[in-house]
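Report on the structure
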Amino acid sequence: MDTMDKLDELDECPESPNGSLTKQDKRKLLRNILIGLAILVAGIVIVFFPEIKLKKQPVTPDFSGIDTICELATLECYYHNVMEYEKKPNWILSIGYEKIWMEYEGIIKVGIDVNEVQVSQPDENNVVCITIPNARVMDVDVDPYSMSDPIIDTGIFASITAEEKSMAFSETQKAMRENAENDSYILSQAQENAKELLKQYVIQVGEKIGQNYTVEFISAISEEPQAEVTQS
């Protein structure tokens, strides 16, 4: 006998002459009992069998903007230096001896190679590992218009040729690069700048999909986690 049959039977019952429940009241009471039982069963299933709950499909984060972040992380440093070019004498009495001093300015770009940067997908603890190389000198740009009038010291029968001036300019670029490559402070600043921008980028990607990511950096050279762990 189903529920509707029970309700029909209640409709056929005569009204109670002593003021007890009417047929309509009995129908309402039975309906409320059935609804209550359904809610109770649903609650038990949810509490004791949570695995049958509908699970949200995980969203894969998109880290495709890493290239742009690495470009933004590049530092531009302005250099002012003095170039010295010297040509040793070929004979005695300083014949052919030449020496040039010149002040110059230029721009050094220091950053990380985007081709060596790798970003992992978050693990079960929402940890994202970023493999990052050491910062290096990316470009050297000497401003030829910034060069001062050269101070020239020559020996007997010697003069500075156009070719030697060109060589002096080439030596200027070389010296500028070497100075930057030996500047540990600038390289360290570029490294930390890149790490901070990458960390913030990963955190923002996670926030857009409702996730809270922790970022760990790994050296691209040793493949071992660096001592510093940056957390969101």
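Residues numbered from 1 in each chain as written. Predicted model: local features only at pLDDT ≥ 70, side-chain atom pairs only at ≥ 80, totals over all residues. Heavy atoms only, no water.

Attention now moves to a nonpolar patch on the surface. Residues Ile33, Leu34 and Leu37 make up a contiguous nonpolar surface patch of roughly 250 Å² in combined accessible area. Relative to the assigned elements, Leu37 resides in helix H2 (residues 23–48). Classification of Leu37 by relative accessible area gives partly exposed; the value is 46%. (Patch = residues over 30% accessible without salt bridge, like charges linked within 9 Å, V, L, I, M, F, W, Y side chains within 5 Å. Areas by Shrake-Rupley, 256 points an atom, 1.4 Å probe, with all protein chains shown as cover. Salt bridge = Lys/Arg side-chain N within 4 Å of Asp/Glu carboxyl O. Helix = DSSP H or I, 4+ residues; strand = E, 2+ residues; numbered from the N terminus. Buried < 20%, exposed > 50% of the residue type's maximum accessible area, 1.4 Å probe, protein only.)

Our focus in this paragraph is the pattern of salt bridges. Taken as a whole and judged by the stated rule, the model has 5 salt bridges. Residue Arg177 pairs with Glu181 through a salt bridge whose shortest N-O separation is 3.8 Å. Taken together, the residues span about one helical turn, with Arg177 and Glu181 both in helix H4 (residues 162–181) at a distance of 4 residues. A relative accessible area of 29% means that Arg177 is categorised as partly exposed.

Our next topic: unusual backbone geometry. The phi torsion at Asn126 lies on the positive side, around 60°, for a residue other than glycine. Mapped onto the elements of the fold, Asn126 is located in the loop between strand S3 (118–119) and strand S4 (127–132).

Our focus in this paragraph is the sheet that holds S4. If you trace the 3 strands from one edge of the open sheet to the other, you get S3-S4-S7, paired in mixed fashion. Because the sheet does not close on itself, it has two edges, and the strands there are S3 and strand S7 (214–219). Across 2 bridges, S3 lies against S4 in antiparallel orientation. Paired with Val119 across the bridge in S4 is Ile130. Packed on one face of the sheet, helix H5 (residues 184–208) meets S4 and S7 and runs near 150° to S4. (Pairing = 2+ DSSP bridges. Contact = heavy atoms within 4.5 Å. Axes fitted to C-alpha atoms, helices over the stretch in contact; angles between N-to-C directions.)

The next thing to look at is a negative patch on the surface. Among the surface-exposed residues, Glu103, Glu105, Asp139, Asp141 and Asp143 lie close enough to one another that they form a single negatively charged patch. Looking at the negative patch, the elements that each hand over two or more residues are strand S2 (98–111) and strand S5 (136–143). For Glu103, the position within the fold is in strand S2. By relative accessible area, which is 38% here, Glu103 ends up partly exposed. (Lys, Arg positive; Asp, Glu negative; His and termini not counted. Charge placed at Lys NZ, Arg CZ, Asp CG, Glu CD.)

Turning our attention to the environment of Ile107. Residue placement: Ile107 occurs in strand S2. Between the C-alpha atom of Ile107 and that of Tyr78, which follows or precedes it by 29 residues, the distance is 4.7 Å.

Per the stated rule, a full pass over the model turns up 1 aromatic pair. Directly above the ring of Phe217 sits Lys195, whose terminal nitrogen or CZ lies 5.3 Å from the centroid. (Phe/Tyr/Trp six-rings, centres within 6.5 Å; stacked < 30°, edge-to-face > 60°. Lys NZ or Arg CZ within 6 Å of the ring centre and 35° of its normal.)

With that settled, the discussion passes to the environment of Gln211. Mapped onto the fold, Gln211 is located in the loop between H5 and S7. Gln211 sits 152 residues away from Val59 along the chain, and the two C-alpha atoms are 9.5 Å apart. There is a polar contact of 3.0 Å between the side chain of Gln211 and the side chain of Asn126. (Polar contact = N/O pair within 3.5 Å; in protein donor to acceptor, adjacent residues only side chain to side chain.)

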